[in-house]
Amino acid sequence: AAGFTSTHTVFGPAQYRIVTAHGTPRVELRGSVDATASVTTQTNFSTALPTAARPSVVRTWVGRRNYSMDTKGIAVMEIQPNGVMSVFGSASPNHTDWFALDGCYYDL
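Residue positions within a chain follow its written sequence, with the count starting from 1. Reporting in this predicted model follows two pLDDT cut-offs: at least 70 for local features of residues, and 80 or more for side-chain atom pairs to be given and counted; totals over whole chains, interfaces and linings ignore these cut-offs and use all residues. With hydrogens and water set aside, each side-chain value is computed from the structure's full complement of heavy atoms.

Draft legend 1. Expanded view of the overall build of the chain. Helix and strand content of the chain: zero helices and ten strands. Secondary structure is summarised from DSSP: a helix means a run of H or I of at least four residues, a strand means a run of E of at least two, and numbering begins at the N terminus for each. Overall, the chain shows an N-to-C arrangement of helices and strands of β-β-β-β-β-β-β-β-β-β. Buried positions account for 38% of the 108 residues belonging to the chain. What makes two residues a contact is simply this: any of their non-hydrogen atoms within 4.5 Å. Considering only intrachain contacts with a sequence separation of at least 6, the fraction spanning at least 24 residues in the chain is 65%. Of the roughly 6000 Å² of accessible surface on the chain, 54% is carried by carbon and sulfur atoms. Residue exposure (1.4 Å probe, protein chains only): buried if accessible area is under 20% of the type maximum, exposed if over 50%, otherwise partly exposed. All accessible areas in this document rest on Shrake-Rupley with a 1.4 Å probe, and a residue is counted as covered only by the protein chains that are shown.

Shown next as structure tokens:
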């Protein structure tokens, strides 16, 4: 998506897979995404996820992001049924430059 790349060298490229967990279809995410411009507020972008990997209702989760002495290493993310994903950055001057998807999942 514009403003983001999937080239973070530590965590690998952003990927997804659809699995069945406890009888329920689930999307599991891994890898990471770099922001080409630091995110300081809610940023929305359309994902490349196919329709089959989009939830039936809005799903939210907490994931890892860049951190420093004055910045917490947590990002809140959500995905909507239409494939729009939102990343909620920190208040300025603390910026979100990358966020990891490892361990993030949502039920379909």
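Draft legend 2. Looking closely at the environment of Pro-50. One can find Pro-50 in the loop between strand E5 (42-46) and strand E6 (59-64). Residue class for Pro-50 comes out partly exposed when judged on its relative accessible area of 34%. Separated by 32 residues in the primary sequence, Pro-50 and Asn-82 place their C-alpha atoms 9.9 Å from one another.

Draft legend 3. Seen up close, the sheet that holds strand E3 (residues 24-30). Note: two strands are recorded as paired if DSSP finds a minimum of 2 bridges between them. Strand order in the open sheet formed by three strands is E2-E3-E10, with antiparallel pairing between adjacent strands. For this open sheet the edge positions go to strand E2 (15-21) and strand E10 (105-107), each flanked by a neighbour on one side alone. Averaged over all neighbouring strand pairs, the angle between strand axes comes to 25°, with direction disregarded. Axis definition: a line fitted to C-alpha atoms, limited for helices to the stretch in contact. Angles are taken between N-to-C directions and run from 0 to 180 degrees.

Draft legend 4. Seen up close, the pattern of salt bridges. We define a salt bridge as a contact between a side-chain nitrogen of Lys or Arg and a carboxyl oxygen of Asp or Glu at a distance within 4 Å. Counting across every chain of the model gives two salt bridges. For Arg-17, the salt bridge goes to Glu-28, with nearest N and O atoms at 2.8 Å. Note that Arg-17 is positioned in strand E2 and Glu-28 in strand E3, a separation of eleven residues in sequence. Exposure remark for Glu-28: the relative accessible area of 25% places this residue in the partly exposed category. The salt bridge partner of Arg-26 is Asp-107, with a shortest N-O separation of 3.1 Å.

Draft legend 5. Broad picture of the packing of aromatic side chains. Here is the rule: rings of Phe, Tyr and Trp (six-membered ring for Trp) pair when centre to centre is within 6.5 Å. Planes less than 30 degrees apart are stacked, more than 60 are edge-to-face, and the remainder are tilted. In the structure shown here, the tally under the stated rule is one aromatic pair. A centroid spacing of 5.7 Å and a plane angle of 15° characterise the contact between Trp-61 and Tyr-106, whose relative ring orientation is stacked. With Trp-61 in strand E6 and Tyr-106 in strand E10, the pair connects residues that are 45 residues apart, well separated along the chain. As far as the burial class goes, Trp-61 and Tyr-106 line up, both buried.

Draft legend 6. Focus on a nonpolar patch on the surface. By definition, no residue in a patch forms a salt bridge, and every one has over 30% relative accessible area; like charges are joined within 9 Å, nonpolar side chains (Val, Leu, Ile, Met, Phe, Trp, Tyr) within 5 Å. Taken together, the side chains of Val-62, Ile-74 and Val-76 define a hydrophobic patch exposed on the protein surface, amounting to about 270 Å² of accessible area. Relative to the helices and strands, Val-76 is located in strand E7 (residues 74-79).

Draft legend 7. Up close: the side chain of Glu-78. Along the chain, Glu-78 falls in strand E7. Here Asp and Glu are counted as negative and Lys and Arg as positive; His is not counted, and neither are the chain ends. In this structure, Glu-78 is buried with no salt-bridge partner, the nearest side chain bearing the opposite charge being Arg-59 at 11 Å. Not counting residues up to four positions away in its chain, the partners in contact with Glu-78 are Val-58, Arg-59, Thr-60, Trp-61, Val-84, Met-85, Ser-86 and Phe-88.

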